[in-house]
Structure formats: structure tokens, C-alpha cells
Amino acid sequence: MKDPGITKAKYLQVAGGFGLTKRELELGYLKVHGFSNRRIAYMLGISEQTVKNHFTHIYEKAWVPGRKEFITLFLQ
């Protein structure tokens, strides 16, 4: 898995402005570090559909259409 070079402090600084819940922050952090929905679901003991639902809310709150644009927010 490729490290995108996004520190936890940088992630929280940017993501903190989106009004994400604690769980959404956790899932978003895993996503920007390259984990798949399936892996995130396994790691957190939740269903893959629950992960997808969380990301729908995360992307809406961050005003982005998807994963690539979400990750780009942290690389600027």
C-alpha cells in the first residue's frame, strides 16, 4: 500500500472543517491511506454496505463526488 504522505495532523486539520462524526473521521483516515471498503469493514467489524453508507455521508459533507476528489483535498 502506497503511503500518500498525509499525516494524521494534516488529515484532522482539513477534515475537521467538514463536520464529520468521529466514526466518519476514522473511516476517512483509513481511505486516504489506501484501504479498500472491504478491508475497512473487516478492520472495524462492520458490513461493507455500512462503510459505503458512511462514505456517501462523508463525500456529501466534504462537497466532493468521490474518493479521488476526497483524497485530493488532503494533498493540496
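Residues numbered from 1 in each chain as written. Predicted model: local features only at pLDDT ≥ 70, side-chain atom pairs only at ≥ 80, totals over all residues. Heavy atoms only, no water.

Draft legend 1. Focus on the pattern of salt bridges. Under the counting rule described, the total for this entry stands at 3 salt bridges. The closest approach of N and O atoms between Glu 24 and Lys 61, which form a salt bridge, is 2.8 Å. On the criterion of sequence distance, the pair formed by Glu 24 in helix H2 (residues 22-32) and Lys 61 in helix H4 (residues 48-62) is long-range, its members being 37 residues apart. Glu 24 gets classed as buried once you look at its relative accessible area, which sits at 4%. The exposure class assigned to Lys 61 is partly exposed, which follows from its relative accessible area of 31%. A salt bridge links Glu 48 to Arg 38; the nearest nitrogen and oxygen atoms lie 3.5 Å apart. Placement of the pair is Glu 48 in helix H4 and Arg 38 in helix H3 (residues 37-44), with a sequence separation of 10 residues. (Salt bridge = Lys/Arg side-chain N within 4 Å of Asp/Glu carboxyl O. Helix = DSSP H or I, 4+ residues; strand = E, 2+ residues; numbered from the N terminus. Buried < 20%, exposed > 50% of the residue type's maximum accessible area, 1.4 Å probe, protein only.)

Draft legend 2. Broad picture of the side chain of His 33. Note on placement: His 33 falls in the loop between H2 and H3. Only 3.1 Å separates the side chain of His 33 from the backbone oxygen of Ile 6, close enough to count as a polar contact. (Polar contact = N/O pair within 3.5 Å; in protein donor to acceptor, adjacent residues only side chain to side chain.)

Draft legend 3. Region of the structure containing the packing of H2 against H4. Viewed as axis vectors pointing N to C, H2 and H4 meet at an angle of 95°, and their least axial separation amounts to 10 Å. Considered as vectors, H2 and H4 are oriented roughly perpendicular to each other. Along its contact with H2, which presents Arg 23, Glu 24, Leu 27, Gly 28 and Lys 31, the element H4 presents Val 51, His 54, Phe 55, His 57, Ile 58, Tyr 59 and Lys 61. (Axes fitted to C-alpha atoms, helices over the stretch in contact; angles between N-to-C directions. Parallel < 35°, antiparallel > 145°, perpendicular 65-115°, else oblique. Contact = heavy atoms within 4.5 Å.)

Draft legend 4. A look at the nonpolar core. Among the nonpolar cores identified, the biggest contains 19 residues, and Tyr 11, Val 32, Phe 55, Ile 58, Phe 70 and Phe 74 are the most heavily contacted of them. Elements with a minimum of two residues in this core: helix H1 (8-15), H2, H3, H4 and helix H5 (67-73). With residues up to four places along the chain from it excluded, the contact list for Phe 74 reads Ile 6, Lys 10, Tyr 11, Val 14, Ala 15, Phe 18 and Val 32. (Core = buried A, V, L, I, M, F, W, Y, C linked by side-chain atoms within 4.5 Å.)

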